[in-house]
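Now for the letters of each chain:
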Amino acid sequence: MEGGGGGKAMGYAHHHDTARLLKAFTRTVEPRNFGIGLLAGFLLVTCAYFSTARFDAIHIAPLVSPSETRIGSSASAAAAGSKSQLDLGVPGQDAALSREGSKAEVLDTDGDDKGKPATSYAPDLVHDASLADTKKDDTFARDGDAAVEAAKDDDAGGGALLPPLSANGTQEEQGVLEDQELLVQDAIAAAANSPNKSSSSSNGGSQPVVQSDPATLPAPVQQTPPSIPVPEAPKQEEAKAPPAQQIALVPEPVKQQPGSEEVATAAPRREWKPLCDMTSNRRIDWCELDGDVRVHGARGTVTLVGAPRAEEWRVRPYPRKVDPNAMRHVTNITVRSTTTLPGAAEEEECAIKHSVPALLFSDRGYTGNYFHAYTDVILPLFLTAKRYGGEVQFLVSDMQMWWVGKFLPVFKSLSNYDLVDLAADNRTRCFQHVQVGLTCHADFSIDPLRAPNGYSMVDFTRHMRGVYGLPRGLAVPAAGARPRLLLIARASTRRFVNADEIVRAAQKVGFEVVVSEGTHEVAPFAELANTCDAMLGVHGAGLTNMVFLPTGGVVIQVVPLGGLEFVAGYFRTPSRDMGLRYLEYRIAPAESTLTEQYPSDHPIFTDPDGVKSKGWDSLKQVYLDKQDVRLDLKRFRPLLKKAIAHIRANKLQ
């Protein structure tokens, strides 16, 4: 009993103690303090939960003003990121971002849009340099790229910063990094049940990004949870942009839209220019035709069929157009264009179709003169035809068979095809390109600045030596041999009356002298001239053979009485252009045989300009046809010494 009663007493005492404890607790812990403690415990549990979350970034989305959304603002600079990850928990970081944003406001513009305000469409794929080095330049992708548009949408939609692009990274690697970042952005948005996935808030402001500490948060993984939708996946292919340094400087051609074929075909045609040029060259009129060109030799017509404009010209293809005497035997060629389409009834069908271009020229005029044969046809033909490498057809109007035969080796060297005698050709020949009239610059001269392929007179002389198989290219006498002098002896006018004395004087100064008048055949005289180092002659066509002298040789031109220095220019400049040393000797009145025909006070001595003013025929009759030369050897000998000294200097080089 006592035991049972004691147990009750003890139970009562325990209950009493518990009651006292609860009473004391209720007196000590007030409801207000209990609520604060409970809230603190809840916050501690919440923080512990989020400290273990595997997110790369946490987005806080306060509304910002539209002005903060512009590229270059502080908010956009924070969204741009850096090549080295930033710890935004460091005090003063916001100030650093603000400074970097000011820098981005200057640099975040396309080079092509200088002076324009930055807009939300500006590029932001390549991130700024580290905030620790604000002096480094930033590089941005070109405005308008698909990657720029995709990045703009995703950044504004609450995603993390795009990973920095390596300057050396490939386009595919950059696309993978962007894909990973976009998937993480969508995962975060889905997990947070974000009610707004648009690229901006209702007032147009974008969401600034707060980046997490890279030391505690791992990099985003490539796999996307199956349960999380990825609405932006179709844009991933567009998001792959090349590095900024790989963007082409030249804009790509605009792709043609359907239905724009008519606009493309309506592009303006090349400006039409006249077929013939009758003004730019004082020596010759010439025409150039490209397309369906038909030549009928017997009719003397050259027609361009299917041209946009109809024209007609009459041309005499010989380079003495201001000399009526030279042009009177040159046939006119009718050059025209028609708008008639090929195959029309009024146009004759092609009897012969040529796959090479054609050059049409005349061999009349003064070509019977050896000098004019070269300056009026041979040299212009070289200048015009050499570039074709033999693949050109010669069409000759007014053909003289004897003259063509004389220079046949030259024609064969420039064309692989037989010459066509137009007057005897009663068929229609068709070409894709025809030039009527040869290209020429001046008498016996080439201007390399205007010549095809920069041809010069040195090229011409080299070609002529090749035509006739001449071996010597440089005027250097063989060891122990005397330099050779070719004395051109004219048969009728402007002869050397004392030729024998001239030969002995030249031999005394050291020359071996060869005297020749020349023959109808070109080859024998060309071979003789090439064996010599110097040439001496009175002004005349014989000096044309200087083209066969080896380079470095000497030309001595004796100018007769009568103020003929101007005609001496036909050989003065060309010889220098050929790489020859030119020496000129102007005779005194006592050295002219005119003193034996006229008194010393005659106008031909006292007033040569008055004689020339009466015309070419008057000048030619007196000073060229009636005059011979008797050289004063004492006066002439210094010139011979100068010539041989030049040749011997070549030998010493």
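Residues numbered from 1 in each chain as written. Predicted model: local features only at pLDDT ≥ 70, side-chain atom pairs only at ≥ 80, totals over all residues. Heavy atoms only, no water.

## Observations regarding the nonpolar core
Nonpolar side chains in soluble globular proteins generally cluster together in the buried interior. Tyr-374, Phe-394, Phe-407, Phe-460, Tyr-468, Met-546 and Phe-548 are the most contacted members of the largest nonpolar core, which has 70 residues in total. In terms of residues, this core owes the most to one element, helix 9 (residues 370–385), which gives eleven residues. Each of domain 1 (276–452) and domain 2 (461–649) accounts for three or more of the residues forming this core. Residues contacting Phe-407, with those up to four places away along its chain left out, are Tyr-370, Ala-373, Tyr-374, Ile-378, Tyr-468 and Val-522. Residues Ala-506, Val-554, Leu-583 and Leu-639 belong to the second largest nonpolar core, which totals 29 residues. (Core = buried A, V, L, I, M, F, W, Y, C linked by side-chain atoms within 4.5 Å. Buried < 20%, exposed > 50% of the residue type's maximum accessible area, 1.4 Å probe, protein only. Helix = DSSP H or I, 4+ residues; strand = E, 2+ residues; numbered from the N terminus. Domains from an automatic or database assignment. Contact = heavy atoms within 4.5 Å.)

## Here's the deal with the confidence of the model for the protein chain
Summarising the model, the protein chain shows a mean pLDDT of 74, and 59% of its residues fall at 70 or more. Confidence drops under a pLDDT of 50 for residues 53–189, and excluding neighbours within four residues, the segment shows 229 contacts in the predicted structure. Predicted confidence is poor over residues 191–267, with pLDDT under 50, and the contacts of this stretch with residues over four places away or in other chains come to 103 contacts. (pLDDT = per-residue confidence, 0-100.)

## A look at a nonpolar patch on the surface
A surface patch of nonpolar side chains, about 320 Å² in accessible area, is lined by Leu-39, Phe-42 and Leu-43. Along the chain, Phe-42 falls in helix 2 (residues 31–51). (Patch = residues over 30% accessible without salt bridge, like charges linked within 9 Å, V, L, I, M, F, W, Y side chains within 5 Å. Areas by Shrake-Rupley, 256 points an atom, 1.4 Å probe, with all protein chains shown as cover. Salt bridge = Lys/Arg side-chain N within 4 Å of Asp/Glu carboxyl O.)

## Let's talk about the pattern of salt bridges
Within the structure shown, the criterion is met by 18 salt bridges. Between Asp-425 and Arg-427 there is a salt bridge, and its shortest N-O distance comes to 3.3 Å. Assessed through its relative accessible area of 5%, Asp-425 is described here as buried. Residue classification places Arg-427 among the partly exposed residues on the basis of a relative accessible area of 40%. For the salt bridge of Asp-459 with Arg-462, the shortest nitrogen-to-oxygen distance reads 2.9 Å. Here Arg-462 and Asp-459 lie together in helix 12 (residues 457–467), a separation of three residues that amounts to about one turn. Here Asp-459 falls in the partly exposed class, since its relative accessible area comes to 23%. Accessibility expressed as a relative area gives 47% for Arg-462, which makes it partly exposed.

## Concerning the packing of aromatic side chains
Counting across every chain of the model gives 16 aromatic pairs. Where Tyr-370 meets Tyr-374, the ring centres are 5.0 Å apart and the plane angle is 65°; that geometry is what we call edge-to-face. Separated by four residues within a single helix, Tyr-370 and Tyr-374 lie in helix 9, roughly one turn from each other. Given the relative accessible area of 15%, Tyr-370 is considered buried. Residue classification places Tyr-374 among the buried residues on the basis of a relative accessible area of 0%. Pairing Tyr-585 with Phe-636 gives two aromatic rings, centres 5.1 Å apart and planes at 85°, and the pair type is edge-to-face. With Tyr-585 in strand 15 (residues 581–586) and Phe-636 in helix 19 (residues 633–652), this residue pair connects regions lying 51 residues apart in the sequence. (Phe/Tyr/Trp six-rings, centres within 6.5 Å; stacked < 30°, edge-to-face > 60°.)

## Side note on the state of the cysteines
Inspection of the entire model under this criterion finds two disulfides. Here Cys-276 is linked by a disulfide to Cys-287, with a sulfur-sulfur distance of 2.0 Å. Judged by the sign of its S-S torsion, about 100°, the cystine formed by Cys-276 and Cys-287 is right-handed. Here the residue Cys-276 occupies a position in strand 1 (residues 276–277), and Cys-287 occupies one in strand 2 (residues 286–296), the gap between them amounting to eleven residues. One exposure class covers both Cys-276 and Cys-287, and it is buried. At a sulfur-sulfur separation of 1.7 Å, the disulfide partner of Cys-350 is Cys-430. Residues Cys-350 and Cys-430 share a disulfide whose torsion about the S-S bond is about -90°; that sign makes it left-handed. Of this pair, Cys-350 sits in the loop between strand 5 (333–337) and strand 6 (352–353) while Cys-430 sits in strand 10 (residues 428–436), and the two are 80 residues apart along the sequence. Relative accessible area serves as the criterion here: at 6%, Cys-430 is assigned to the buried category. Take the cysteines of the protein chain that form disulfides and number them in order along the sequence; they join up as 1-2, 3-4. (Disulfide = S-S within 2.5 Å.)

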